[in-house]
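Fold and geometry: a report
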Amino acid sequence: MGLKSKLEVLTEVDLFRVHEATLKILQETGVIFHSEEALDIFKKHGARVENKTVFISREMVDQALKAAPKTFRMRARNDKYSVTVGEGFLVQPNVGPVYIQDIDRGRREATLEDYANIQKLCQASDVVDLVGTIPVDPSDVDRNDKFLMMMYETLKNSDKPVIGFCAHTHQVREQLDMIELAMGKPGCLMENHYTAVLVNSLSPLAYTPDTLETMIEYARRNQVIMLAPCIMAGVSGPISLLGTAVLQNTETIAGLVLVQLINPGAPLVYATASTSGYMKEATYAAGTPEAMLINTASLQMGLDFYHLPTRTMSGITHSKTVDCQAGYESMQSLMMGMMSGAHMSVQSLGVLDAIMTTSYEKFVIDEELVSRVRRISQGIDTSDEALAVDIIQEVGHTGNYLSHMSTFEKFRTLWTPSVSDWGNYTDWKNAGSEDVTVRANRKFKKILQSAPETLLDPETDKDLLGYISKAKSSR
């Protein structure tokens, strides 16, 4: 069972052309790395380096691709939530929103409480596989300490696999130390993959210091790196969709080579996060068809040419509220992401306003959208039993299937909505004519009211708070 084909925009010949174009750019133009440590790593392995520009050879790319794992296991504190990256369609929280929104209080700057609430919703969700990252950026925490506090709230409110934060070296080390404390196993990160981190290149053709510091620390401790150039066609990348896909591929492969030079076999994800520019204002465009066309081309490179685990940005919208536009733009990219074969999805849980805002109500609604596309991805049962010839002949011309035993045996396997209303009009009107956002509002509040105070045992909680206190005092 499952879909028999996936969405493709490039031919096999096109994939080869993109790869060769990537090698040409890497060898002749190179990529700038704003980190002496990264430059030293490249020099040590024989790369040509001029000032901060690294020229990467075909041989280095080939070796890195051979070393990179095709699938890997991400472990959770509660092992029932451990996942295999490179299989299925995993969902993670948003990355980057500054604001939180609901129908009670409107749009506002997010707080640490909001951040914790999103982790609670992720923990309770049947469709969310990973937690952490930055679904909202808390405004009420000192910027020097926010990564400590966000990691604490993630570990306190969920025991699913964790995604950390791109930061400077000492902040990254603190995150990784806290995960080891929560696992209760000193040194466990070298043995298993417990956490991942998203990093973006600086388009065009560069990597910033904090991004490189994050990559180096995660690679050295054998943790997962998601390489995701975030390019705007016509602004930070070529106006042609294929050209932006080539640039995205080039920046990704450059990062992949660095990671494999640091730790051959280190787990990484070929991620995509590009879109077209909104040319009326020369700004970011969310909800555009071109975004997923660019990313589908890149996903083909990651999946079919390099055979790597892949992740894409899907579920995005430029709508400012939970309306019809938010629905069709979110479903457009979510469907295209799933049908393109991506192994992971981001920006799929409540995102509004071009990833500036996370909506509590849309989070709940988007859970249903994810559930819908997962069901679609399963396709239909094509077994001999599913042909139902015997049943059709048994029911004949005058019978019905509603009372047939086969219906009783399998009717619960049919997909049903979690927040959409499928009842009749009269019942809906008599119940108050509620919009889906009202039902979603009620549902997220109920989930938060039922969430446990903490998932940490008292001793681990004490150790983590002690670590945070020590880290703050050493600033």
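Quick note: structure is the one above.
In this text the structure is predicted, and so the values were computed from the model without any measurement.

Overall, mixed pairing links the four strands, which are arranged β2-β3-β1-β12 in an open sheet. Edge positions in the sheet fall to β2 (48–50) and β12 (206–207), since each of these pairs with one other strand and no more. Pairing analysis gives three bridges linking β2 to strand β3 (residues 53–55), with the strands arranged antiparallel. Paired with V49 across the two strands is V54, which belongs to β3. Helix α1 (residues 12–28) contacts β1 (31–33), β2 and β3 of the sheet and is inclined by roughly 125 degrees relative to β3.

Note that the residue after S203, namely P204, is joined by a cis bond; omega there is 5 degrees. One can find P204 in the loop between β11 (195–199) and β12. Positive phi, normally seen in glycine, also occurs at I355, with a value near 70 degrees.

Another point: helix α5 (residues 146–157). For α5, with twelve residues, the first-to-last C-alpha span of 16 Å sits near the 16 Å given by 1.5 Å per residue. Here α5 lies mainly inside the structure; twelve of its twelve residues are buried. Buried residues of α5: K146, F147, L148, M149, M150, M151, Y152, E153, T154, L155, K156 and N157, and no others. Against α4 (112–124), β9 (131–132), β10 (162–163), α6 (169–183) and α17 (458–473) lie the buried residues of α5.

What follows covers the side chain of T288. Considering the arrangement of structural elements, one finds T288 in the loop between β17 (283–284) and α9 (289–305). In this structure T288 comes out as buried when scored by relative accessible area, which is 12%. A polar side-chain atom of T288 sits 3.4 Å from a polar atom in the side chain of S276. T288 has contacts with T275, S276 and Q332, leaving out every residue within four places of it along the chain.

Further remarks concern the sheet that holds strand β15 (residues 268–272). Strand order in the open sheet formed by eight strands is β6-β19-β18-β15-β13-β11-β10-β9, with parallel pairing between adjacent strands. Lying at the two open borders of the sheet, with one neighbouring strand each, are β6 (90–91) and β9. Both β15 and strand β18 (residues 310–313) contribute to a ladder of three bridges, which runs parallel. Looking across to β18, one finds that Y270 is bridged to T310. Sheet strands in contact with helix α7 (residues 209–220) are β11 and β13 (224–227), and its direction is about 155 degrees off that of β11.

Over its twelve residues, α7 runs 16 Å from end to end, which matches the ideal 16 Å to within 8%, given 1.5 Å per residue. Those residues of α7 that sit buried are T211, L212, T214, M215, I216, E217, Y218 and A219. After α7 finishes, the residue N222 shows a positive phi value of roughly 65 degrees.

Turning next to the packing of α6 against α17. When two helices pack together, you describe them by how their axes are tilted relative to each other and by the distance separating the axes. Packing of α6 against α17 brings their axes to within 9 Å, and their N-to-C directions diverge by 160 degrees. Between α6 and α17, the crossing angle belongs to the class labelled roughly antiparallel. Classified by chirality, the crossing of α17 by α6 is right-handed. Only T460, D463, L464, Y467, I468 and A471 of α17 make contact with α6, whose side of the interface consists of R173, E174, D177, M178, L181 and A182. In the contact of α6 with α17, the residues fall into seven nonpolar, one polar and four charged.

Attention now goes to the packing of aromatic side chains. For the structure shown, the criterion picks out eight aromatic pairs. Measuring from centroid to centroid gives 4.8 Å for F33 and F42, while their planes differ by 50 degrees, and the two rings are tilted. Here the two residues F33 and F42 agree in accessibility, since each one is buried. Plain terms: the ring middles of F147 and F165 are 5.5 Å apart, the flat faces sit at 25 degrees to each other, and that makes the pair stacked. Here the residue F147 occupies a position in helix α5, and F165 occupies one in the loop between β10 and α6, the gap between them amounting to 18 residues. Just as F147 is buried, F165 falls in that class too. Joined through ring pairs, the aromatic side chains of F33, F42 and Y207 make up one cluster. The aromatic ring of F55 is capped on one face by R48, whose charged end is 3.8 Å from the ring centroid.

Strand direction decides the pairing type here: strand β14 (residues 232–233) and strand β16 (residues 275–278), joined by two bridges, are parallel. Residue pairing across strands places M232 opposite T275, the latter belonging to β16. Across two bridges, the pairing between β16 and β17 is antiparallel. Bridge pairing in β17 places G277 opposite Y284. Once β16 ends, the chain turns through four residues before running back antiparallel as β17, passing A282 with a positive phi of about 55 degrees.

Before going further, it helps to examine the nonpolar core. Ranked by size, the top nonpolar core spans 106 residues in total, and within it F33, F42, I56, M215, I225, V257 and L258 carry the most contacts. Dropping the residues within four chain positions of it, F33 is found in contact with A38, L39, F42, K52, V54, Y207, L212, A254 and L258. Grouped together as the second largest cluster of nonpolar side chains are 26 residues, L130, V269, A273 and I316 included.

Criteria and cut-off values
- Residues numbered from 1 in each chain as written.
- Predicted model: local features only at pLDDT ≥ 70, side-chain atom pairs only at ≥ 80, totals over all residues.
- Heavy atoms only, no water.
- Pairing = 2+ DSSP bridges.
- Helix = DSSP H or I, 4+ residues; strand = E, 2+ residues; numbered from the N terminus.
- Contact = heavy atoms within 4.5 Å.
- Axes fitted to C-alpha atoms, helices over the stretch in contact; angles between N-to-C directions.
- Expected span 1.5 Å × (residues − 1).
- Buried < 20%, exposed > 50% of the residue type's maximum accessible area, 1.4 Å probe, protein only.
- Polar contact = N/O pair within 3.5 Å; in protein donor to acceptor, adjacent residues only side chain to side chain.
- Parallel < 35°, antiparallel > 145°, perpendicular 65-115°, else oblique.
- Left-handed = near helix turned anticlockwise from the far one by under 90°.
- Nonpolar A, V, L, I, M, F, W, Y, C, P; charged D, E, K, R; others polar.
- Phe/Tyr/Trp six-rings, centres within 6.5 Å; stacked < 30°, edge-to-face > 60°.
- Lys NZ or Arg CZ within 6 Å of the ring centre and 35° of its normal.
- Core = buried A, V, L, I, M, F, W, Y, C linked by side-chain atoms within 4.5 Å.

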